[in-house]
Amino acid sequence: MSLRTLPLVFINLGGEMLYILDQRLRAHNTSEDKSEKGVWSESDRRRVLNDIVGTMFSKSFMDELLKPQQLYSHRTMKTVLTRLAHTSIMRLNPASMDRLYELMIMAFKYQVFLCPRPKDLLLISYNHIDTIREFVRDTPVVMNQVDETHRNIIEVYSSLSEGQFQLLRQTLLIFFQDMHIRVSLFLKNQIQNPSGRFVLTTSGPVPYGADVPGLIRTFDLRGREVSRSEFPPGGTYSGLVREGSFDLNGDRVLRLGRNLYRVEHPEETQTSRTPSGQRDSTPNPLAKEELNQLARLMGSMKAENVPKREPRFRINLFTTDQEEEAASGGEQEAMFQVINIQAVQDQQAASELARIAGQFTDEEEKLENPSSNKGDDLLAMMDDL
């Protein structure tokens, strides 16, 4: 298992969280409901992003994160990301954070699956960092923190061999292997099965430096080519003209990891049916469906009763059965067997679940780390930031 996986997981999941929060804050800032529009202002949106990014890329926090260490469990990772989100003036209830974490995990998992080479995991991470840098471009202090972290990541990961990157990718796949959450937009676009597993195409660009399949070359003992023959590769493949930039700035070429929720940066995947050489100017249906899904998931955003000098906002998901039904989608229930889980449970059910879960807590903690809980140092450090 790679000891260098944790920083990439944290940065990519944190980037996906920022994408979602930015989209929801923008949506409510342009809401036609005047009463709701007054709750979220443009300055609030910028403050939320600046607070989260400032904590996420603080020097002491990143120095601790970049130390060689085992990858955290999902429970610990979600706790760290929840604490990160709550460093801003915004608050999410547990049900909201659970769903948000699932969306982040499945988005990053899909990116890892489509990653052409193990080394290109860095390009996915750099795409997230580039977009995060744009979020805080008006705050030089926070932007410098992002740049400094980016330089440290380049320094740490530039010396890794291809085998080490392969081990890092394998560690990520182990981390994702039990996560099969169904996402409606993936199901509708037929890139995910009803079982929650992704559908990978047999066409598209090959990794940089690799030959397009379909040709067999035969060599003699002296290394001279003596014959060629072709075979049907079973798909339509294309080669990459150039490699993405692994520097602080530059064209990453690879689009995985970019902000899916911005209209000016629609996601481009191998499932696109646009002929090569042509650019599709129509809105990307995948991005549109994701925005619609998020609008249903995020529900209403309301401000808590706190002093005006320090307003705080709470995001609630699935507070009623009607919202749960709307989020699950009637079309999917007709196609698949959908199990509805009540996000806000009654006290008796919650107490029973807590009692059952408590029977496993001690054993899980011993298995994860016999001496201390993973992430405790980071959580304590976040409290001090």
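In this text the structure is predicted, and so the values were computed from the model without any measurement.

## Focus on the overall build of the protein chain
- Scanning the protein chain from terminus to terminus reveals 15 helices and seven strands.
- For the protein chain, restricting intrachain contacts to residue pairs at least 6 apart in sequence, the fraction spanning at least 24 positions comes to 73%.
- Carbon and sulfur atoms form 50% of the exposed surface of the protein chain, whose accessible area is close to 20,900 Å².

## With respect to the side chain of Arg45
- With respect to the element layout, Arg45 can be found in helix H3 (residues 42-56).
- Beyond its immediate sequence surroundings of up to four residues, Arg45 is in contact with Asp22, Leu25 and Arg26.

## Digging into the pairing of strand S4 (residues 225-230)
- Burial runs low along S4: only zero of the six residues are buried.
- For strand S3 (residues 215-219) and S4, the ladder comprises five bridges, and the chain directions are antiparallel. Each bridged residue has a counterpart across the sheet, and for Ile216 the counterpart in S4 is Ser229.
- Counting the residues in the hairpin turn of S3 and S4 gives five residues, including Gly223, whose phi is positive at 85°.

## Notes on helix H5 (residues 74-85)
- Counted at 1.5 Å a residue, the expected span for H5 with its twelve residues is 16 Å, and the 16 Å between its end C-alpha atoms agrees.
- Three or more residues of H5 are buried, namely Thr76, Met77, Val80, Leu81, Thr82, Leu84 and Ala85.

## Points about unusual backbone geometry
- Phi is positive for Val253, close to 65°, though the residue is something other than glycine.
- Within the element layout of this structure, Val253 appears in the loop between strand S5 (237-238) and helix H11 (285-298).
- The exposure class assigned to Val253 is partly exposed, which follows from its relative accessible area of 27%.

## Here's the deal with the packing of H5 against helix H6 (residues 94-114)
- In the contact formed by H5 and H6, the axes pass within 11 Å of each other and the chain directions differ by 110°. Between H5 and H6, the angle falls in the class roughly perpendicular. Contacts between H5 and H6 involve His74, Met77, Lys78, Leu81 and Thr82 from the former and Met97, Asp98, Tyr101, Met104 and Ile105 from the latter.
- Of the residues contributing to the contact of H5 with H6, the split by class is six nonpolar, two polar and two charged.

## Considering the packing of aromatic side chains
- Within this structure, the stated rule accounts for six aromatic pairs.
- Taken together, a centroid distance of 5.5 Å and an interplanar angle of 85° make the contact between Phe108 and Phe176 edge-to-face. With Phe108 in helix H6 and Phe176 in helix H9 (residues 162-176), this pair connects stretches of sequence that are 68 residues apart. Accessibility assignment for this pair places Phe108 and Phe176 in one class, buried.
- Consider the rings of Phe113 and Phe198, whose centres lie 5.8 Å apart with planes at 75°: the pair is edge-to-face. Separated by 85 residues along the polypeptide, Phe113 in helix H6 and Phe198 in the loop between helix H10 (184-188) and strand S2 (204-205) bring together distant segments of the chain.
- Sitting above the plane of the Phe246 ring, Lys119 keeps its charged end 4.7 Å from the centroid.

## Topic: the packing of H3 against helix H8 (residues 140-157)
- Where H3 contacts H8, the two axes come as close as 9 Å, and the packing angle between them is 40°. Compared by their axis directions, H3 and H8 come out oblique. The interaxial crossing formed by H3 with H8 has left-handed handedness. Packed against H3, whose contacting residues are Asn50, Val53 and Gly54, the element H8 presents Val142, Gln145 and Val146 at the interface.
- Tallied by class, the residues present in the contact of H3 with H8 amount to three nonpolar, three polar and no charged.

## Remarks on the environment of Phe246
- Locating Phe246 in the fold gives a position in the loop between S5 and H11.
- Taking the C-alpha atoms as reference points, Phe246 and Leu122, separated by 124 residues in sequence, lie 7.5 Å from one another.
- When residues no more than four places from it in sequence are discounted, the contact partners of Phe246 are Arg117, Lys119, Asp120, Leu122, Leu123, Tyr126, Ile154 and Arg252.

## A short note on the nonpolar core
- With 76 residues, the main nonpolar core has Phe10, Leu13, Met17, Met77, Leu81 and Met104 as its most contacted residues.
- For this core, the element with the most residues is helix H1 (residues 6-29), which contributes twelve residues.
- The residues contacting Leu81, other than those within four sequence positions of it, are Phe10, Leu13, Gly14, Met17, Met97, Tyr101 and Met104.

## Describing the pattern of salt bridges
- Tallying each qualifying case throughout the model produces 20 salt bridges.
- Between Arg46 and Glu42 there is a salt bridge whose closest N-O contact spans 3.3 Å. Taken together, the residues Arg46 and Glu42, both in helix H3 and four residues apart, mark about one turn of the helix.
- The exposure class assigned to Arg46 is partly exposed, which follows from its relative accessible area of 42%.

## Digging into the side chain of Asp22
- Mapped onto the elements of the fold, Asp22 is located in helix H1.
- Here Asp22 falls in the buried class, since its relative accessible area comes to 2%.
- Excluding its chain neighbours within four sequence positions, the residues that come into contact with Asp22 are Arg45, Leu49, Phe135, Asn259 and Arg262.

## As for the environment of Gly54
- Assignment of secondary structure puts Gly54 in helix H3.
- Measuring from C-alpha to C-alpha, the distance between Gly54 and Met143 comes to 8.5 Å, with 89 residues separating the pair along the chain.
- Discounting chain neighbours no more than four positions away, the residues touching Gly54 are Val142 and Gln145.

Cut-off values and rules
Residues numbered from 1 in each chain as written. Predicted model: local features only at pLDDT ≥ 70, side-chain atom pairs only at ≥ 80, totals over all residues. Heavy atoms only, no water. Helix = DSSP H or I, 4+ residues; strand = E, 2+ residues; numbered from the N terminus. Contact = heavy atoms within 4.5 Å. Areas by Shrake-Rupley, 256 points an atom, 1.4 Å probe, with all protein chains shown as cover. Buried < 20%, exposed > 50% of the residue type's maximum accessible area, 1.4 Å probe, protein only. Pairing = 2+ DSSP bridges. Expected span 1.5 Å × (residues − 1). Axes fitted to C-alpha atoms, helices over the stretch in contact; angles between N-to-C directions. Parallel < 35°, antiparallel > 145°, perpendicular 65-115°, else oblique. Nonpolar A, V, L, I, M, F, W, Y, C, P; charged D, E, K, R; others polar. Phe/Tyr/Trp six-rings, centres within 6.5 Å; stacked < 30°, edge-to-face > 60°. Lys NZ or Arg CZ within 6 Å of the ring centre and 35° of its normal. Left-handed = near helix turned anticlockwise from the far one by under 90°. Core = buried A, V, L, I, M, F, W, Y, C linked by side-chain atoms within 4.5 Å. Salt bridge = Lys/Arg side-chain N within 4 Å of Asp/Glu carboxyl O.

Note that every value here comes from positions in space, so none of it alone points to a role or purpose.
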